[in-house]
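Results of the structural survey
The lines below spell out each chain.
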Amino acid sequence: MSSTESRKLIPFLAALCLFLAAVEYAIPKPLPFLRLGLANLPIIISLFLLKPRETLLLIFLKIIGQGLITGTLFSYIFLFSASGSFASGLAMMGAHRLFGRKISAIGLSLAGAAANNIAQLAVAYFVLFGSATKYIAPILFISGGITGFLLGLFTDRFMERSKWFRSLIGTGTEEEKQA
């Protein structure tokens, strides 16, 4: 992908992150720390389209945008979100770099979910809960595994069926590439 195309794609994917973060924010949660991770869908897609530095920029924009949307930008809750998002993004980038196209979006999403949970538990341990963190860990890992799998499955299906995505990676038909 050319640098001009990626310069156009980054704001689009960032806006998609913010839209999905807003959708997720509106969904009631049984516990405040449980999240679906919908805003990670554009991050996973970016791994196949952008350079690592551009994906890092996208992760940064996602974190700041989520903080603004949820109103937590200057609170301790932002530490949880930022640490989880950076850890998740770096884990997905590392897995993608290590395995390339051999790893599916499901594998990337599960790696991201695990890294997110570990980072957030570390912040919870050192900042808020101390040893009581062990009580929320199982819930976090189970819910993270389920939502990570489902998000990855959806992303895999999207990338398989999307004419837009295929045109960006260069495997679409000539008509799709021009659309």
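Residues numbered from 1 in each chain as written. Predicted model: local features only at pLDDT ≥ 70, side-chain atom pairs only at ≥ 80, totals over all residues. Heavy atoms only, no water.

Quick look at the overall build of the chain
Selection criterion: Helix numbers and strand numbers start at the N terminus; a helix is a DSSP run of H or I with at least 4 residues, a strand a run of E with at least 2. Values of the radius of gyration come from C-alpha atoms, whereas the globule rule sets the reference at 2.2 Å times the count of residues to the power 0.38. Using a 1.4 Å probe on the protein chains alone, a residue whose accessible area is under 20% of its type maximum counts as buried, one over 50% counts as exposed, and one in between counts as partly exposed.
A count of helical and extended segments in the chain gives eight helices and zero strands. In sequence order, the chain lays out its α and β elements as α-α-α-α-α-α-α-α. The C-alpha atoms of the chain give 16 Å as radius of gyration, which agrees with the globular expectation for 179 residues (16 Å, within 12%). Each of the three principal axes of the chain carries a C-alpha extent, and together these read 55 × 30 × 30 Å. When the 179 residues of the chain are sorted by exposure, 44% land in the buried category.

A closer look at the packing of helix 4 (residues 76–99) against helix 5 (residues 105–129)
In plain terms, the rule: Orientation is described by axes fitted as lines to C-alpha atoms, over the contacting stretch for helices, and by angles from 0 to 180 degrees between their N-to-C directions. Should the near helix be turned counterclockwise from the far one by less than a right angle, the crossing is left-handed, whereas a clockwise turn marks it as right-handed. Classes in brief: Ala, Val, Leu, Ile, Met, Phe, Trp, Tyr, Cys and Pro nonpolar; Asp, Glu, Lys and Arg charged; the others, Gly included, polar.
Their axes nearest at 7 Å, the elements helix 4 and helix 5 cross at an angle of 145 degrees. With respect to the hand of their crossing, helix 4 and helix 5 are arranged in right-handed fashion. Class assignment of the residues belonging to the contact of helix 4 with helix 5 gives a composition of 15 nonpolar, ten polar and no charged.

Thoughts on a nonpolar patch on the surface
In plain terms, the rule: Only residues whose relative accessible area exceeds 30% and that form no salt bridge are eligible for patches; like-charged ones are grouped when within 9 Å, while nonpolar side chains (Val, Leu, Ile, Met, Phe, Trp, Tyr) are grouped when within 5 Å. Throughout, the Shrake-Rupley method with a 1.4 Å probe supplies accessible areas, and for residues the shown protein chains are the sole cover considered. Every case where a carboxyl oxygen of Asp or Glu lies within 4 Å of a side-chain nitrogen of Lys or Arg is listed as a salt bridge.
Taken together, the side chains of Tyr76, Ile77, Leu79, Tyr125, Phe126, Val127, Leu128 and Phe129 define a hydrophobic patch exposed on the protein surface, amounting to about 820 Å² of accessible area. Those elements giving two or more residues to the nonpolar patch turn out to be helix 4 and helix 5. With five residues, the top contributor of residues to the nonpolar patch is helix 5. Along the chain, the position of Phe129 falls in helix 5.

Remarks on the packing of aromatic side chains
Worth spelling out the cut-off: Any two of the Phe, Tyr and Trp rings considered here, Trp counted by its six-membered ring, make a pair once their centres fall within 6.5 Å; the pair's planes then place it as stacked at under 30 degrees, edge-to-face at over 60, or tilted in between.
For the structure shown, the criterion picks out five aromatic pairs. With a centroid separation of 5.0 Å and 90 degrees between ring planes, the pair formed by Tyr125 and Phe126 is classed as edge-to-face. Taking relative accessible area as the criterion, Phe126 reaches 70% and is therefore assigned exposed.

Regarding helix 3 (residues 52–70)
Quick reminder of the rule: One less than the number of residues in a helix, times 1.5 Å, gives the span that helix is expected to have. Contact between two residues is taken to exist if any of their heavy atoms lie within 4.5 Å; hydrogens are not considered.
Between the first and last C-alpha of helix 3 there are 27 Å, a value that for 19 residues agrees with the 27 Å anticipated at 1.5 Å per step. For helix 3, every residue scored as buried is listed here: Glu54, Thr55, Leu58, Ile59, Lys62, Ile63, Gly65, Gln66 and Gly67. Those residues of helix 3 that are buried lie in contact with helix 1 (3–26), helix 2 (41–49) and helix 4. Positive backbone phi, at 75 degrees, marks Gly71, one or two positions downstream of helix 3.

Some details on the side chain of Ser109
For clarity, the cut-off: Under the rule applied, a polar contact is a pair of N or O atoms within 3.5 Å (in protein, one hydrogen donor and one hydrogen acceptor; residues adjacent in sequence only if both atoms are side-chain atoms).
Inspection of the secondary structure assignment puts Ser109 in helix 5. Polar side-chain contacts of Ser109 include one of 2.6 Å to the backbone oxygen of Gly148. Aside from chain neighbours lying at most four places away, what touches Ser109 is Ile44, Met92, Gly148, Leu151 and Gly152.

Digging into the confidence of the model for the chain
Note the threshold: Confidence of the prediction at every residue is given by pLDDT, a number between 0 and 100.
For the chain, per-residue confidence averages 90 on the pLDDT scale, and residues scoring 70 or more make up 93% of the total. Across residues 174–179, where pLDDT falls below 50, the model places seven contacts with residues more than four positions away in sequence or in other chains.

Observations regarding the packing of helix 1 against helix 3
Geometrically, a packed helix pair is captured by the angle between its two axes and the distance between the axes. Close contact between helix 1 and helix 3 brings their axes to 9 Å; oriented N to C, the two are set at 35 degrees. Considering only the axes of helix 1 and helix 3, their crossing is right-handed. Here Ser6, Ile10, Leu13, Ala14, Cys17, Leu18, Ala21, Ala22 and Tyr25 of helix 1 lie close against helix 3, whose contacting residues are Glu54, Leu57, Leu58, Leu61, Lys62, Gly65, Gln66, Ile69 and Thr70. Classifying every residue of the contact of helix 1 with helix 3 gives twelve nonpolar, four polar and two charged.

Details of the nonpolar core
Which entries qualify depends on this criterion: Here, the term nonpolar core denotes a set of buried Ala, Val, Leu, Ile, Met, Phe, Trp, Tyr and Cys residues that are joined through side-chain atoms within 4.5 Å.
Ile44, Phe48 and Leu108 are the most contacted members of the largest nonpolar core, which totals 31 residues. The residues contacting Leu108, other than those within four sequence positions of it, are Ile44, Leu47, Phe48, Met92, Ala95, His96 and Ile103. Leu34, Leu121, Ile136 and Leu140 belong to the second-largest nonpolar core, a separate cluster that totals five residues.

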